[in-house]
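Now for the letters of each chain:
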Amino acid sequence: MTWNEQDHPRDEDGKFTFKNGGMMKERNQNPAEILYGKKTKEEKLKTEKRNELLHTLGNNLSPAQVLYSSNEDLEKILNKNLQTPLKAGLSDTKIDNLKTKNEEFEKNVKNMQNKIKLTKIPIVGKIATSYLGGPDAAGMLNLAENKKLPIYTKDSTKLLNVNDRKLNEYDNGRLSKFKSYIQDKVLNQFKDFGYNLNSIEGRIFHNNSAPAKRIKESSDFKEALIKNKENILNGKDFTQRFTNYGNNKKSNLYNAFGSVDFLNSGIDKNGNLHLFMFDTYDFNKGENAKVEAGRRQMLEGKLKGHFTIHDIIVTKDELDTIWNKN
């Protein structure tokens, strides 16, 4: 059977009139919709949800699961994937193999591990512990311990993983062009910990959040803007390492982030600079006792790796002041 518009004249409202019974169909419907009916709003939402789940699960599904699993089945698979890979859970034997022959170093590692256990949930604006040196260092560590932090995470968006659609939709899609870079960096930084990509959570701290404001006000950030003026004006990304000021500073960003990437979203029509500070919370091997303590805790599953994005907007006036000072 072929469908021919000439066989079905339109009425004055532009609708098709079928000869067999006078059935009316909308002008914008295609032949399939005319024959099988239009999807309801609820059906469209279910289809969108299914596509989102399939995209998030990716290679974790078998062909049969892709074809025959309901949305409820897919959600159960996703929830299971999010829970099981978070702990590397190395055996005591393997943990022992990580230890060096340097007794002093091992003593320092153990001391640092004990301090990690004593970390308190940060109170914004106050030093959580002298060891951590500030609320952001404590906040990042507490997030890795999977603690609830309503004070610290206020004005932020939680991401289930890099494929969470909230990442692509954030700030009218400004983050979406950086997704490939973020995904590659997350995969690379956590390759030693045996995580499934879909199990690594993230968090976007909004421009008005306390952590984003502290970063923006830091001298290291301002120095980075001066040093990378040419990169910024040319729309290029850049990296910055926060300075270790010791334990006496109110907000020691070095202990919270270390080295970070600034993803350049450009200067808008009002002259405001939009940057996203991206960082992964992980611990590299072969560094000092403090880093090694965190690394072993993460390998044991006592800490959970995650990534953060801080939305930072520098107004034209602020940018002019910083650049003109130089």
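Above this text is the structure in question.
Each chain carries its own residue numbering, running from 1 in the written order of its sequence. Per-residue local features are limited, in this predicted model, to residues with pLDDT of at least 70; the limit for side-chain atom pairs, both in listing and counting, is 80 or more; totals at the level of whole chains, interfaces and linings are taken over all residues. As a rule here, side-chain values come from all non-hydrogen atoms in the structure, and water together with hydrogens is ignored.

## Points about helix 7 (residues 135–144)
Exposed residues in this analysis have more than 50% of their type's maximum accessible area, buried residues have under 20%, and partly exposed residues fall in between, with area computed by a 1.4 Å probe over protein chains only. Here a strand is any run of E in DSSP of at least two residues, a helix any run of H or I of at least four, and the numbering for each starts at the N terminus. In terms of burial, helix 7 is a largely internal element, 10 of the 10 residues being buried. Taken together, the buried positions of helix 7 are occupied by P135, D136, A137, A138, G139, M140, L141, N142, L143 and A144. The contact criterion used is simple: two residues touch if any of their non-hydrogen atoms lie within 4.5 Å. For helix 7, the secondary structure elements touched by its buried residues are helix 6 (103–117), strand 4 (202–205), helix 10 (210–217), helix 13 (253–256), strand 7 (273–281) and strand 8 (306–314). A positive backbone phi angle near 65° is found at N146, which sits one or two residues after helix 7.

## Describing the environment of F283
Tracing the chain through its elements places F283 in the loop between strand 7 and helix 14 (289–299). Residue classification places F283 among the buried positions, given a relative accessible area of 13%. In sequence terms F283 and F193 are 90 residues apart; their C-alpha atoms lie 9.9 Å from each other. Apart from residues no more than four positions distant in its own chain, F283 is found in contact with F193, V291, G294, R295, M298 and L303.

## Points about the nonpolar core
Joining through side-chain atoms within 4.5 Å is the link that ties buried Ala, Val, Leu, Ile, Met, Phe, Trp, Tyr and Cys residues into a set, and such a set is a nonpolar core. Core analysis: the biggest nonpolar cluster contains 59 residues, and L175, I182, V186, L225, F257, F307 and I309 have the highest contact counts within it. If you tally residues by element for this core, the top one is strand 7, at 6 residues. Membership of the second largest hydrophobic core comes to 6 residues, among which are L57, L74, I77 and L78.

## Digging into the pattern of salt bridges
Whenever Lys or Arg places a side-chain nitrogen within 4 Å of a carboxyl oxygen from Asp or Glu, that contact is recorded as a salt bridge. The tally for this structure, following the rule as stated, stands at 13 salt bridges. For D171, the salt bridge identified is with R174, shortest N-O distance 3.3 Å. Under the relative-accessibility criterion, R174 is labelled partly exposed at 25%. Residue E292 is joined to R296 by a salt bridge in which the shortest nitrogen-to-oxygen separation is 2.8 Å. Of this pair, E292 and R296 both sit in helix 14, separated by 4 residues, roughly a single helical turn. For the pair E292 and R296, a shared accessibility class is recorded, and that class is buried. Through salt bridges that share partners, E106, E292 and R296 make up one connected network.

## Here's the deal with helix 9 (residues 179–189)
Within helix 9 the residues assigned to the buried category are K179, I182, V186 and Q189. The buried side chains of helix 9 occupy one side of the element, clustering within an arc of 110° when seen end-on. Along helix 9, the residues that are exposed and aim more than 90 degrees away from the buried face are S180 and D184. This arc describes the spread of directions from the helix axis toward the C-beta atoms.

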